[in-house]
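Examining the three-dimensional arrangement
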Amino acid sequence: MAQDVKAWSCGNYTLTFDRPRIMGVLNVTPDSFSDGGEHFDPEAAIAHGVAMLDAGADIIDVGGESTRPGFRPVDADEEARRVLPVVRALAQRGAIVSIDTRHVEVAKAAVRVGASIVNDVTGFTDPQMVEFVKSSTCGVIIVHAGEVSDQPTHARTAVQLDTTAAAYMAERAREAEEEAAAAKSGRGSKRSRTRLLGTPKLSGGFVQQQLPFTEMPNGSDAGEGAQAAEELVDAVGSASAGEPGSGAVMTDELATVMNRAARQAQAYVSTSQLRRFTLPDSAPIMRRIMGFLSDQARALMRAGVARERICIDPGAGFGKSTNEDIIIQRETAKMASLGYPLLCAVSRKRFVGAVSGVEEAADRDAATFGVCLGAIENGANIVRVHNVAGFAQFLNGFWSVARPQPRRAFVALGSNKGQRLDNIRAARDLIAEIPLTCVSNCSRIYESEPAYEVRQAPFANAVIEIKTELAPTVLLDELLEIENRLGRNRTKSARPNGPRVIDCDLLWMDGETHGGDKLRLPHPKLGERDFVLVPLEDLMHDPARFFRYEGVPVLEPEERIGHVVGELGTL
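Quick look at the nonpolar core now. By size, the foremost hydrophobic cluster in this structure holds 76 residues, and its most contacted members are Val62 and Leu90. A total of nine residues in this core trace back to one element, the largest contributor, which is helix α2 (residues 76-92). When neighbours within four sequence positions are excluded, Leu90 is seen to be in contact with Leu26, Ile46, Gly49, Val50, Leu53, Ile60, Val62, Ala95 and Val97. Counting residues in each nonpolar core, the second largest holds 25 residues, with Ala409, Val411, Ile445 and Ala460 among its members.

Glancing now at the sheet that holds strand β7 (residues 139-143). Read across the sheet, eight strands follow the order β8-β7-β6-β5-β4-β3-β10-β9 without closing on themselves; strand pairing throughout is parallel. Every other strand in the sheet has two partners, leaving β8 (310-313) and β9 (343-344) as the edge strands with one partner each. Alignment of β7 against β8, held across four bridges, turns out to be parallel. Note on β8: the bridge partner recorded for Val140 is Ile310.

Let us now look at α2. The terminal C-alpha atoms of α2 lie 23 Å apart, and with 17 residues this matches the ideal 24 Å at 1.5 Å per residue to within 8%. Helix geometry: α2 is bent most strongly at Val83, by close to 35 degrees, with proline Pro85 lying one to four residues after it. All of the buried residues in α2 are Ala76, Glu79, Ala80, Arg82, Val83, Leu84, Val86, Val87, Ala89, Leu90 and Ala91. The inward-facing, buried residues of α2 contact β3 (21-27), α1 (42-55), β4 (59-63), β5 (96-100) and α3 (104-112). Put simply, Asp75 is the residue that caps the front of α2, since its side-chain oxygen is 3.1 Å from the backbone nitrogen of Asp77. Immediately beyond the C-terminal end of α2, within one or two residues, lies Gly94, with a positive phi of roughly 85 degrees.

The rules behind the values
Throughout, a residue's number is its position along its own chain's written sequence, starting from 1. With the structure being a predicted model, the display of local features is reserved for residues of pLDDT at least 70 and the display and counting of side-chain atom pairs for 80 or more, all residues being used for whole-chain, interface and lining totals. For the side-chain quantities, the full set of heavy atoms in the structure was used; hydrogens and water were omitted. As used here, the term nonpolar core means buried Ala, Val, Leu, Ile, Met, Phe, Trp, Tyr and Cys residues forming a set that is joined through side-chain atoms within 4.5 Å. Relative accessibility under 20% of the residue-type maximum defines a buried residue, over 50% an exposed one, and the middle range a partly exposed one, all with a 1.4 Å probe and only protein chains included. Counting from the N terminus, the helices are the DSSP runs of H or I reaching at least four residues and the strands are the DSSP runs of E reaching at least two. Should any heavy atoms of two residues lie within 4.5 Å, those residues are counted as being in contact. DSSP bridges decide pairing: two strands pair if at least two such bridges lie between them. Helix span is expected to be 1.5 Å times the residue number reduced by one. The term bend refers to the angle at a residue between two fitted axes, each drawn through seven residues, those ending there and those starting there. Whenever two N or O atoms come within 3.5 Å, that pair is a polar contact, provided that in protein one can donate a hydrogen and the other can accept it, and provided that, for residues adjacent in sequence, both atoms are side-chain atoms.

What follows is the structure, given as structure tokens:
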């Protein structure tokens, strides 16, 4: 599968795709289509970002400008004011942060304060954005945003045509008489002049009326929506021309594309335009999508961006009709075959509502999960969702039965209250009972000096190696429950680094990088703890070298804390 062979380099992080990765959507905007205003306050945005990390998000995608149909462009200064405090706070918690922006100034500032990924909805068509990313090490996401059809969808009105042979012949005879008379008089016929003026003439003498774009029978709601879209386009034109009183209206190209998409979605297509198939031909659509993504990726590589930094996104909903979005999702395997990590960003979008019959965007999560699962099965590596907690639960359930995938992890065990060795052995036995988990190796038990808070009894410490098929956050919940079962005190009276019956720390898991308040992987204090690194020497050759290669700073023995002072026995 595509997930097994790709990796994505994002600054100081490398994401592997032995399992799909979850990107949480964090809109710091007042007008996003499904959650506008909910996280506009920086503190609320930071809290929501941390909550998504703790729920299982691998990446947080922070955006300060809504790009929904009908959006109002935001200048770079305002966008930066919205997103930079949020990016900085999440990066400080160990999160992989993506900045969703089309402004190079915002991208530069966000990377400077900790963002690891630049998600450019305009697909790096701005040469200044290309110049910036080639000089950095951040990951990049190329998004296709634009129309893919040969011609935009127009509203049509059914017209009754007189197609009898007699009417046709009579019409041709009248035309011949008028043209002959015009030739004699030296001037064009009235009918010829009409044709030159562009009024369509139909056989049988009928003239097709030039109806307004939105005119529909029976007072259709779609007609009213399309008329509103037309008026908005007129407003855009007025603003572009500098008409007084036009106000701050959309004036840039992306805004025009997204507005046109909204108008096309509501445009009426006559049932007289019959089709043989339920969807248009996929070939021309995919040629445009894949051609753009491939061309932009090659352009970035020619500019000096390493291939392993590039991810692609077909841009669901950006200037595309529902039919086109469905075709693109069905062709996920073709896009995955390009060899770049592939992002599925369909969460709560209009076409998801169209196929599920759900009108309110915020209610489309279940349908979103279904579309994402189809994309994952066809090779998508990352899914971008609003409801991280729900999708993580959905994905963990699916993955546990569909993809047997044991991964190696290390858990540190420590105790300095009661029967220390018995506590550690009891914790080991309970860990072996965790579902989809086994204990594969154990270090010896060592005695160490207390760390961080020195006025307490010495600790007994060990490290066990496990294999597990659980997601990191799920495994952590199991370890916390074991601590509770063995009597760990979690009341306010317990000192943060004070005496404890048992401590179960998840140190490292193969292929996992995680940030947040609940779990950090690799463990942020792993490289400074002698009472962890010494037991690890029983399980691997040169753990200091191994973890440095994994990007963990490891101190020299004399600089560490909690030094090992003796050996207590075996597990």
